[in-house]
Amino acid sequence: MKKTGKCFCCCEHKILTKEHIIPQSLGGKLSAWIYCKECNDKFGDEIDAELTNKFRYFSTSLKIDRDRGKNQHQPFNVYFPKKNIELTSNGSELKRKKPVVEIIKEGDKVVFASVIARSAKELDRIILGLKEKHSLTHEFDTKNETIPGPIEVEREFVFDNSLIRRAVSKIAYNLICIKIPEKYVFSPSFDEIRSYIRFGAEKDMASANFRNTSFMVDNIRPLHKIHISFNRPKKLVIGFICLFGIFRYTILLSKDINIVIDLADLDYTFDPTTGKEICTKPNFIAPEIGIDDTLRPKHSKELVLRELKKGHKILENYIEGHQNIEIEHTE
Ligand SMILES: [Zn+2]
């Protein structure tokens, strides 16, 4: 079935395609017909691809399935400094990227052979090959190599750059598209953010923000959260995005909104490990922040590191125990 309508990004009347409010690669399930194919394709190749790549470690470690196709656990590589080797992970274990075979010869004679394989089967196969090729009669000594789990390896995460800022801006804007009346969404108040999501801008309209955003996490579950806050007196619309219960961003969605009615804040919280929406407190209110706090948050490096560490802990619990913890909100 083809659906036509006004694209919420280029604002042209076209055939619309399905857009996931939170990208599928991050586990998002909720979708809506809001963008035309051209816009959707452009976003997919540019900004969504960046999110997918930069957060692959999390999607894979948490075994987040995509709707399309099977075996979507994208392997990712990590560097293991202790041994100076590249490892590859399928989400639950790390392995060397390839086997290592080392041979020392004196003349035609092999005097030393060492094989590091990734499985007993591979080891047998390589040893057999070596014995045949070099007519070796000695037995090989074997020992098991210990490789750290996926979360013990040192990693540097890129969670903030211009493409990621545009991608999280789109996530926030997506929720606006499906939750507030069309006439407001298509009003010039949102022209700037539309243009930013489509083309970028000299000045970013979003920022990683670990200040004013702790309301977005429970420090237990790797939840995604979208929160939109309408500040009618100041004409501001601020978006808050949290990914995997760790990475938090604020977005200046509009600074000149003209709405005659009071719009309640929007909140969408989603558990990518269960694929289910989480109900939040109905009387829940985000802190009121201004443009400066949104785009240039004063968070110290220590604060960011501390928050990232907490996030790492969440992931650790999920990978080892992998239990779904139900939490009740009590006040
Ligand atoms: Zn479009």
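Residues numbered from 1 in each chain as written. Predicted model: local features only at pLDDT ≥ 70, side-chain atom pairs only at ≥ 80, totals over all residues.

Undergrad: Got a sec to walk through the nonpolar core? Specific residues and values, please.
TA: In this structure, Val 168, Ala 172, Ile 241, Ile 251 and Leu 253 are the most contacted members of the largest nonpolar core, which totals 59 residues. Ranked by the residues each element gives to this core, the list is headed by helix α4 (residues 162-179), at nine residues. (Core = buried A, V, L, I, M, F, W, Y, C linked by C-beta atoms within 7 Å. Buried ≥ 20, exposed ≤ 12 C-beta atoms within 10 Å, placed from the backbone. Helix = DSSP H or I, 4+ residues; strand = E, 2+ residues; numbered from the N terminus.)

Undergrad: So what's going on with the packing of α4 against helix α6 (residues 191-199)? Which residues, and what values?
TA: Here α4 crosses α6 at 135 degrees, and the two axes come no closer than 9 Å. The pairing of α4 with α6 is recorded here as oblique in orientation. The two elements α4 and α6 cross, and the hand of that crossing is left-handed. Note on element contacts: α6 touches α4 through Ile 193, Tyr 196 and Ile 197, opposite Arg 166, Ser 169, Lys 170 and Tyr 173. The residue makeup of the contact of α4 with α6, split by class, is four nonpolar, one polar and two charged. (Axes fitted to C-alpha atoms, helices over the stretch in contact; angles between N-to-C directions. Parallel < 35°, antiparallel > 145°, perpendicular 65-115°, else oblique. Left-handed = near helix turned anticlockwise from the far one by under 90°. Contact = placed C-beta atoms within 7 Å. Nonpolar A, V, L, I, M, F, W, Y, C, P; charged D, E, K, R; others polar.)

Undergrad: So what about the sheet that holds strand β1 (residues 3-6)? Which residues, and what values?
TA: Within the open sheet, the three strands sit side by side as β1-β2-β3. Their pairing is antiparallel. Two strands bound the open sheet, and with one partner strand each, they are β1 and β3 (31-36). Across the sheet, the mean angle from the axis of one strand to that of its neighbour is 60 degrees, orientation sign disregarded. Bridge count for β1 against strand β2 (residues 13-20) is four bridges, and the pairing is antiparallel. Bridge assignment links Gly 5 to a residue of β2, and that residue is Lys 14. Against the sheet, helix α1 (residues 37-54) makes contact with β2 and β3, and its axis sits at roughly 105 degrees relative to β3, the strand it touches most. Docked against the sheet, α4 engages β2 and β3, running at close to 105 degrees with respect to β3. (Pairing = 2+ DSSP bridges.)

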